[in-house]
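Here is how the chains run, residue by residue.
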Amino acid sequence: MTANMLPQTPSQTVGPYFAYGITAAQYGYDWNQLAGGVLVRDDTPGTRIRLEGRVLDGNGQPINDAVVEIWQADAAGAYPGEAAFADQTAFHGYGRFGTGTLPGNLYRFDTVKPGAADGAPHLNLVVMMRGLLIHAYTRVYFADEAAANATDPVLALVPEARRGTLIAGKTETPAGIVYKLDIHMQGPDETVFFDF
Amino acid sequence: MKFTPLDPASQPKFIFPFYKSTVLRGPTQTPVHIPQGLGETRGPLFGREWVGPLDSDLTRNGRLNGEPLGERIIVTGRVLDEMGRPVRNTVVEVWQANATGRYIHKVDQHDAPLDPNFRGSGRCVTDDAGRYRFMTIKPGAYPWGNHHNAWRPNHIHFSLTGNGFAQRLITQMYFPGDPLLELDPMYCSVPAQAASRLVSKFDLDVTVPDYALGYTFDIVLRGREATPMEK
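Residues numbered from 1 in each chain as written. Chains lettered and ligands numbered in written order. Predicted model: local features only at pLDDT ≥ 70, side-chain atom pairs only at ≥ 80, totals over all residues.

1. Some details on the overall build of chain A
Argument step 1. Of regular secondary structure, chain A possesses three helices and ten strands.
Argument step 2. From first element to last, N terminus to C terminus, chain A shows the α and β order α-β-β-α-β-β-β-β-α-β-β-β-β.
Argument step 3. The globule rule puts the C-alpha radius of gyration for 196 residues at 16 Å, and the 17 Å found for chain A is close to it.
Argument step 4. Taking the principal axes of its C-alpha atoms as reference, chain A extends roughly 45 × 40 × 40 Å.
Argument step 5. Here chain A holds 196 residues, and 51% of them are scored as buried. (Helix = DSSP H or I, 4+ residues; strand = E, 2+ residues; numbered from the N terminus. Rg over C-alpha atoms; globule rule 2.2 N^0.38 Å. Buried ≥ 20, exposed ≤ 12 C-beta atoms within 10 Å, placed from the backbone.)

Now the structure itself:
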């Protein structure tokens, strides 16, 4: 930073008690939250997908008090802007889900598959939890987009051996398409986190 | 338009052993540096449509049969970027313990009473000057399991999404003169020269006579660079 700039406010952990603050409805509190795990309505254009996974600590144990946020383009590859957020019924491309309510401590988003924007189709993620002093950024790419992934400029910056930590596997279930990706905070499969 | 980088002289590192849970939860590998694209420079834009009339008054939004107990306070400040520009029309979410140091969160088992008239969460939106304001009850300190006789200083949690995903900020606001600050692993995780930015200032001009004490807490998010630059 330069001399005439204001200094940044430091980050602090979201702590263990965020649920009633930022994910209240998901955790059964009787008030609303800005965004949850369902990003789509019946009339949202695009291919419906579910993204789910666990957040694991350095011992490989699922973390039950993390919160995951996604930010994504719509099915046409456009990021929602001011007009979308002025309309509460529009597609906002933003979701938030805590790992404390589903069996297996899953995070889960029901959304549309994003169109290509800045490279291969992907979702931008933020992970926060007790014990994480500053949120960690990562991305989720799709295993069935191998050709697009091969030319993605961000994946190209990631050592090849670690790229798999960013690629969600696809399964077709009777209920629809499910992509799965665990987020490893540490360990041999530590997820690639980004700085920008 | 790009955002200025996170400032290592202002931000905590992932692993800070005094705060024990960071040891198994903080990433150990250096984050991979990537250029800012749309996913980083654009972000959710929650504005005034997302805030209801009682959302910024925590002394009213959880009332069951009376007023919450404790010391009424007003917390206000400006949300700015590093260039001093106001971050307008952005939602600020807050949550906190009640006056006894107890959260309504179901997993909080601290042996202090809940207040049936206090929920401890809310949100407000910044105006054209980047100013937010909410009314609440001063939160109490509470013990936690990090080490023997560990107590969290009085604090309020803040969450901001700003104008781009790069501006995401989760933080905690503390109170001036709190003897617990220097003993707190979370507060101490911040580089020493930056930690005091997390401490609000008592402000007689914000104080409402005969009603509530006022505290000021300005928040500075990563700046938008004036000219596009690529490293």
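2. Observations regarding the overall build of chain B
Argument step 1. Helix and strand counts for chain B stand at four helices and twelve strands.
Argument step 2. Against the 2.2 N^0.38 benchmark of 17 Å for 231 residues, chain B shows a C-alpha radius of gyration of 18 Å, consistent with a compact globule.
Argument step 3. A total of 231 residues make up chain B; the buried ones form 48% of that total.
Argument step 4. When contacts within chain B are restricted to residue pairs at least 6 apart in sequence, those whose partners lie at least 24 apart make up 72%. (Contact = placed C-beta atoms within 7 Å.)

3. Details of the nonpolar core
In globular proteins that are soluble, nonpolar side chains generally tend to be buried together.
Argument step 1. Counting residues in hydrophobic clusters, the biggest one holds 104 residues, and the most contacted among them are A:Val55, A:Val67, A:Val68 and A:Val127.
Argument step 2. Discounting chain neighbours no more than four positions away, the residues touching A:Val68 are A:Val55, A:Phe97, A:Tyr107, A:Leu125 and A:Val127. (Core = buried A, V, L, I, M, F, W, Y, C linked by C-beta atoms within 7 Å.)

4. Things to note about the interface of chain A and chain B
Argument step 1. In this assembly, 57 residues from chain A lie in contact with 66 residues from chain B.
Argument step 2. Every element with two or more residues in the side of chain A that touches chain B is listed here: helix 1 (19-22), helix 2 (82-86), strand 5 (122-129) and strand 10 (194-195) of chain A.
Argument step 3. For the side of chain A that touches chain B, a count of residues per class yields 35 nonpolar, 16 polar and six charged. (Nonpolar A, V, L, I, M, F, W, Y, C, P; charged D, E, K, R; others polar.)

5. Considerations on unusual backbone geometry
The general pattern is negative phi for most residues beyond glycine and trans for most peptide bonds.
Argument step 1. Even without glycine at this site, A:Asp118 takes up a positive phi of about 60°.
Argument step 2. Tracing the backbone through its elements, the reader meets A:Asp118 in the loop between strand 4 (106-112) and strand 5.
Argument step 3. Of note in the backbone geometry, B:Asp210 takes a positive phi value of approximately 65° without being a glycine.
Argument step 4. Structurally, B:Asp210 can be placed in the loop between strand 10 (201-202) and strand 11 (213-216).

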